[in-house]
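# Observations on chain architecture
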Amino acid sequence: MFDSTPFLNPLIDTTLLSKIPDPCILVIFGATGDLTARKLMPALYNLARDGQLPPHFACVAFARREKSNEVFRAEMFEAISQFSRSKPIDPELWKVFQEQIFYHQSEFHDDKGYKSLKSLLEDVDKKFDTKGNRAFYLSTQPSFFPLIVQKLSENGLIYDTKSGSDKWSRIIIEKPFGHDLNSALMLQQELTKYLDESQIYRIDHWLGKETVQNLLIFRFSNSIFESLWDRHHIDHVQITVAEELGIGTRGHFWEEAGMLRDIVQNHVMQLLTLVAMEPPINLTSQAIREEKVKVLQSIRPLVFSDTIRGQYGKGYINGEAVKGYREEDNVSTTSSIETYAALKLYIDNWRWWGVPFYIRAGKRMPKRVTEIAITFKSSPGYLFSSHNRSVDPNVLILRIQPDEGIYLKNNCKIPGLSNIVQPVKMDFRYSSYFGSTPPEAYERLICDCMTGDNTLFARDDEVMTSWKLLTPILEHWNQEPIKFPNYPAGSWGPESSEELFKDSGKYWRLI
Amino acid sequence: MSSNTSENATLFNLISYEEKLEGEQSNFSTLFSVILKKFPVHLIKITEQAADLKNPPVIKKDDDTLNLELDHKQLSLAPFYILPSLISDLPIYLLWGEDPINEKLLFPMISKWSKRLIFECGLPLDLATWGSKILDLIKTTNLDIVDVNWTRTVGWRAVLAQICDCPNRLKAFRGCYSLKIYYNHSSSITNNHSEIQALYLQAWLSASLDWKCKSIKKEEGAFHLQYQTENGPLVVDLIQVVERDIPSGEILKIEMSCPNEENFSMKYKENSQVIVYASTRELCLVPFTLPLLTIKKEQQFVNELFYKPVSSHYIHLLQWMINYGSL
């Protein structure tokens, strides 16, 4: 008879600062790809280095190319040497860590490959005492997700959550979760044939960033800001996600995606929900995710005239000439894909009624910056009108990257005999206070998945609601192409984006 | 030492206190260096000179640091130097290199302003009374109390917790009949009481696993403790070894013999790891390695000192001292 009483270990100190994940095997599908080399393996190494990997752990790489364990380990050594946040690699640690990495060759559709995977995992279980727990990271094209999940299920590698077993199995999938509402719903349907929602971990790696996690702490542990965080005090909010880089070698991918799908639907919507959500009743993942979904459900359906799209032409980045999007590799010379998207949206609830949220995301912008700028309502200007034309409103800037920190723009008297007012900046910078390199987002997220904490992963209704909001825009843009390119690389996007502020007296922040 | 340049900001005020002793660098001074390396602090360093100076206190000041050298009689002047130097609105933490209970002049005054006390001292003669006073300090003040010797055992506690990961293992641990803890001993004047971490560790195990202590005997180079477990008698030996390249007091090896020939051996490896050998009557597990949190993992270690609340496990340790410290 299976005893389902949870084991309470009296030696575990519940005040430990870090969670200790469960023993498990992490299987990475598509492990010979870029993500594993640049992010996943360095993350695992650093978790091991910081003592954050579970005591009994192994990693199995599942990919199509022929390779031995030794060859793959050597490749991962090179990758970690290049991409790890901590260098150089500790040779003693590496000696132990590499013994926990295995390579399994198979095609994604091959049943024999899954049978032999199962056998390998059982051997690894015995060797490393990983207790049968499995996390499957699907670092593949999204089109493979349903197939892989089906094969895992058919070969007994995914456990039924209703069986009462103390072993767990979880699937981690990367964005994009579909490319529009219909495809997202279909993907969800395919996955839930074999999985319970609790087993699905949708990674949006921005949620693993320290500065994004700090949004909740900042809002809900500082009462002065929370009491001003509403339509009575805030004039508008701007969310900017700007990248200097172009699309690089990702022409194939970008031609199917575009800015709205790649950045706005996921990363930007996550930032928006964290900025706009109500305080949760507690810090459980359910409570937090519940509040985030409510924000998305409260967004007024978008009006086409409140959306702007753009595509970069040739221009200059840091003084160097760069080509336009249509001249990039693997991009059609008549492509109508957007590399810039801007929206004005409204959240129809008590807190935000009438407050515009301006969102812009673009490639080939003058600089790389992600920030949330909360502009407060101006003070009545009559006291200083004889000295200045107007007094600048206060702006609270939450800088996500780079130069992570929080800044408050406020007004100050210039020393001297007059009452001239000058805006100044009060700032807190992470690097000044906490110098040490924080964990990378993937370290936190992988660790959370192994612990079973899905707070920082997107829930199914979050994903569907944001697709529901944006899919009509995608369809409209698809049906009504406009003349591209319409902004030079190195500028802040098309001039038409200023139309979002028409007659309001507001404008895009010059960052 | 981090400096408060335009790139660095100050996280907190740190008031450190230590008696000046001649001899090799102590564990406390190593800890002090690591803390300053990891946190940008405003430092107020108080050093009590061994002899009466008959001179005014020595005061050295720069942007980040106030250095006071005082003799014992001058300690009462220290607050008058400290108060103007504190940076307002930032937490005040105390880093105490001596027994806070016995220092009656300075500690009572400045502890009132402080949020956290981090102390490191040798083993007191009267464990029971000392344990009781520390517990009292926890209950009656707003201070978060951090015993560095306790924090130094965090790595081994995590290792043992990870090995004891199922009901069968817990049963084995509870019924243990022989426990040997080997610790490093250096005979330098600043490194006496090197058995303290080993003593803490076995006390924590006893409190967590319901072992009842019957006697404590100290001999040259070893402690012997007799316990009664649910299975019968348990003998705990704390054994000195000498390893020159490792700080004094660090635990090097743990051996546990449990019923049904279930045995565990945990040995310190270089680079903060522990290799674990586990066997039963029927089989030998493949040895496996676990990470060991030590002061070498500087950021993690100082995070344990500065950000962790007082744990119930430490309270249990103090209770052990109160219950058995007179044995």
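Here is a short report on the structure shown in this document. (Residues numbered from 1 in each chain as written. Chains lettered and ligands numbered in written order. Predicted model: local features only at pLDDT ≥ 70, side-chain atom pairs only at ≥ 80, totals over all residues. Heavy atoms only, no water.)

Moving on, we get to the interface of chain A and chain B. The interface is formed by 28 residues belonging to chain A together with 39 residues belonging to chain B. Taking both sides of the interface into account, the surface hidden between chain A and chain B amounts to around 2,800 Å²; carbon and sulfur atoms contribute 60%. Put simply, chain A and chain B have 1 salt bridge between them. The partner of A:Lys131 in a salt bridge is B:Asp165, with the nearest N and O atoms 3.2 Å apart. If you look at where chain A meets chain B, you find 6 residue pairs in polar contact (both at pLDDT 80 or more). (Contact = heavy atoms within 4.5 Å. Buried area = accessible area lost by both parts, 1.4 Å probe. Salt bridge = Lys/Arg side-chain N within 4 Å of Asp/Glu carboxyl O. Polar contact = N/O pair within 3.5 Å; in protein donor to acceptor, adjacent residues only side chain to side chain.)

So, about the side chain of A:Asp230. All names here are of chain A. Relative to the helices and strands, Asp 230 is located in the loop between α8 (223–226) and β7 (234–242). Polar contacts involving the side chain of Asp 230 include one to the main-chain amide nitrogen of His 232, which spans 2.9 Å. Those residues in contact with Asp 230 that lie beyond four places of it in its chain are Arg 351 and Trp 352. (Helix = DSSP H or I, 4+ residues; strand = E, 2+ residues; numbered from the N terminus.)

Next up on the list: the pattern of salt bridges. Applying the stated rule across the entire model yields 40 salt bridges over all chains. With a shortest N-O distance of 2.7 Å, A:Arg134 and A:Asp125 are connected by a salt bridge. Each member of the pair, A:Arg134 together with A:Asp125, is buried. Measuring nitrogen to oxygen at the nearest pair gives 3.2 Å for the salt bridge that ties A:Arg219 to A:Glu226. Of the two residues, A:Arg219 and A:Glu226, neither departs from the other in class, the shared state being buried. In this structure, a network of salt bridges that share partners links the residues A:Asp129, A:Lys131, B:Asp165, B:Arg169 and B:Glu262. (Buried < 20%, exposed > 50% of the residue type's maximum accessible area, 1.4 Å probe, protein only.)

Now for the sheet that holds strand β1 (residues 24–29) of chain A. All names here are of chain A. Strand order across the open sheet formed by 7 strands is β3-β2-β1-β4-β5-β6-β18, with mixed pairing between neighbours. One side of each edge strand has no neighbouring strand; the edge strands of this open sheet are β3 (101–105) and β18 (457–458). Bridging between strand β5 (residues 169–174) and strand β6 (residues 200–203) involves 4 bridges; their strand directions are parallel. Looking at β6, one finds that Ile 172 is bridged to Tyr 201. (Pairing = 2+ DSSP bridges.)

It is worth spelling out the sheet that holds strand β13 (residues 262–269) of chain B at this point. Across a sheet, strands are paired by hydrogen bonds formed along the backbone, either parallel or antiparallel in direction. Residues and elements named next belong to chain B. What the 8 strands build is an open sheet, ordered β9-β10-β11-β8-β12-β13-β14-β15; its pairing is mixed. Since the sheet does not close on itself, it has two edges, and those belong to β9 (212–219) and β15 (288–291), each with one partner. With strand direction ignored, the average angle separating the axes of adjacent strands in the sheet is 15°. Bridging between strand β14 (residues 273–279) and β15 involves 4 bridges; their strand directions are antiparallel. Each bridged residue has a counterpart across the sheet, and for Val 276 the counterpart in β15 is Phe 288. Across the face of the sheet, helix α7 (residues 167–174) comes into contact with β12 (251–258), β13 and β14 while running at roughly 90° to β13. Of the strands in this sheet, β9 and β10 (222–228) are in contact with helix α10 (residues 312–324), which crosses β9 at around 75°. (Axes fitted to C-alpha atoms, helices over the stretch in contact; angles between N-to-C directions.)

Considering the arrangement of structural elements, one finds A:His56 in the loop between α1 (34–49) and β2 (57–63). Residue A:His56 is classed as buried on the basis of its relative accessible area, which comes to 4%. The contacts of A:His56, once residues within four sequence positions are left out, are A:Pro23, A:Cys24, A:Phe128, A:Asp129, A:Thr130, B:Gln162, B:Asp165 and B:Phe288.

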